[in-house]
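# Coordinate inspection notes
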Amino acid sequence: MPLLRVENISHAFDYQLFEKVNFSLKPKESMAILGVSGSGKSTLLHICSTLLRPNSGTVTLFDKNIYAQHENDTLKLRRYDVGIIFQAHYLFKGFIAYENIELASFLSDKTIDSSMLERLGIADFMHYKVGDLSGGQQQRISIARVLAKKPKIIFADEPTGNLDDKTAQEVMNVLFEYIEKENATLLLVTHNTHLAKQCTYHRYLHVDGLKEEA
Ligand SMILES: Nc1ncnc2c1ncn2[C@@H]1O[C@H](COP(=O)(O)OP(=O)(O)OP(=O)(O)O)[C@@H](O)[C@H]1O
Ligand SMILES: [Mg+2]
């Protein structure tokens, strides 16, 4: 059974972004979405991750049609099962790094895996105020915060955008190992073709759907 199934999604704001987007992802699978800036990649991610109802089409997460079910069921799904790494990370700036991660684990009744903090290279920054950390460090804190709730599906919008190549690869390794170990799924938006090709699938977003070519 796929964890995520997307059927005939289309969406427009001021102009038609895309239509006929179809794919599905099973446990341990990952997919990268590439495409030019403004093509609607973040929008598609929001649609798949319960945050935005598409103009048409269906999104099935864990066998539930998320835009047909009761809002309370969607809230529960979002709290426990869905992890979203945003393009702009929304950390609580006045708090220390550890408190940001702790909050996520607390809200979903999970414990923090300290080896994950080591692997992300942020274990030494846990007691820094978020506002005192670099952009790349903050980005990794936001990834740790999402993993701390042990989601079954991760939506990540350019999670390595602020990172050097080596750190970006490390972060992707953490995400790939996470989905392997937890039987989870990863939907990744990136401009980095090298990282995209490490996913089970990589597709380009065009107006008429996802394609194998740019
Ligand atoms: N809430 C909104 N209301 C109106 N227009 C929007 C909204 N969100 C996004 N758009 C528009 O939709 C288009 C696609 O935006 P989106 O953020 O999905 O692109 P993207 O492919 O993620 O781009 P990038 O690679 O730069 O992150 C843009 O023209 C954007 O201005
Ligand atoms: Mg975007």
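Look up a bit, the structure's there.
A short tour of the structure in this document, coming up. (Residues numbered from 1 in each chain as written. Chains lettered and ligands numbered in written order. Predicted model: local features only at pLDDT ≥ 70, side-chain atom pairs only at ≥ 80, totals over all residues.)

Let's shift gears to the overall build of the protein chain. Broken down by element type, the protein chain carries seven helices and ten strands. Its C-alpha atoms give the protein chain a radius of gyration of 17 Å, within 12% of the compact-globule value 17 Å for 214 residues. Projecting the C-alpha coordinates of the protein chain onto the three principal axes gives extents of approximately 45 × 40 × 35 Å. Counting the 214 residues in the protein chain, one finds 40% classified as buried. Across the protein chain, contacts joining residues at least 24 apart in sequence account for 71% of those joining residues at least 6 apart. (Helix = DSSP H or I, 4+ residues; strand = E, 2+ residues; numbered from the N terminus. Rg over C-alpha atoms; globule rule 2.2 N^0.38 Å. Buried ≥ 20, exposed ≤ 12 C-beta atoms within 10 Å, placed from the backbone. Contact = placed C-beta atoms within 7 Å.)

Further remarks concern the pairing of strand E1 (residues 4-12). Alignment of E1 against strand E2 (residues 16-25), held across six bridges, turns out to be antiparallel. Residue pairing across strands places Ile9 opposite Val21, the latter belonging to E2. The turn linking E1 back onto E2 is made up of three residues. (Pairing = 2+ DSSP bridges.)

Attention now goes to the sheet that holds E2. The four strands lie next to each other as E2-E1-E4-E5, forming an open sheet whose pairing is antiparallel. Only two strands of the sheet have a single partner each, and these edge strands are E2 and strand E5 (64-65). Both strand E4 (residues 56-61) and E5 contribute to a ladder of two bridges, which runs antiparallel. What sits directly across from Leu61, in E5, is Lys64. Where helix H1 (residues 41-48) meets the sheet, it contacts E1, E2 and E4, and its direction lies at approximately 130° from that of E1. (Axes fitted to C-alpha atoms, helices over the stretch in contact; angles between N-to-C directions.)

Taken together, the buried positions of helix H3 (residues 97-107) are occupied by Ala97, Asn100, Ile101 and Ala104. All buried residues of H3 fall inside an arc of 90° around its axis, so they share one side. Of the residues flanking the end of H3, it is Asp109, one or two places downstream, whose phi is positive at about 55°. (Arc of directions from axis to C-beta.)

Surrounding ligand 1, one finds Phe13, Leu17, Gly35, Ser37, Gly38, Ser39, Gly40, Lys41, Ser42, Thr43 and Gln87. Of the residues forming the shell around ligand 1, the biggest block, three residues, is contributed by H1. Grouping the constituent residues of the shell around ligand 1 by class yields two nonpolar, eight polar and one charged. (Near = placed C-beta within 6 Å. Nonpolar A, V, L, I, M, F, W, Y, C, P; charged D, E, K, R; others polar.)

To continue, consider the environment of Leu147. Along the chain, the position of Leu147 falls in helix H5 (residues 135-148). On the basis of neighbour count, Leu147 is assigned to the buried category, with 26 C-beta atoms found within 10 Å. On a C-alpha basis, the gap between Leu147 and Thr111 in space is 10 Å, while along the polypeptide they are 36 residues apart. Excluding its chain neighbours within four sequence positions, the residues that come into contact with Leu147 are Gly83, Met116 and Tyr178.

Time to look at the environment of Thr43. Positionally, Thr43 belongs in helix H1. Its 20 C-beta neighbours within 10 Å are what place Thr43 among the buried residues. Leave out the neighbours within four places in its chain, and Thr43 touches His11, Leu17 and Leu52.

Two measures define how a pair of helices packs: the angle their axes make with one another and the distance between the axes. It is at 7 Å that the axes of H3 and H5 come closest, and there the two elements cross at 25°. In terms of orientation, H3 and H5 fall into the roughly parallel class. Considering how the two elements wind past one another, H3 and H5 form a crossing that is right-handed. Taken together, the residues of H5 that come into contact with H3 (itself represented by Ala97, Asn100, Ile101, Ala104 and Ser105) are Ile141, Ala144, Arg145 and Ala148. Residues belonging to the contact of H3 with H5 are distributed by class as follows: six nonpolar, two polar and one charged. (Parallel < 35°, antiparallel > 145°, perpendicular 65-115°, else oblique. Left-handed = near helix turned anticlockwise from the far one by under 90°.)

Coordinates in, geometry out; function isn't part of it.
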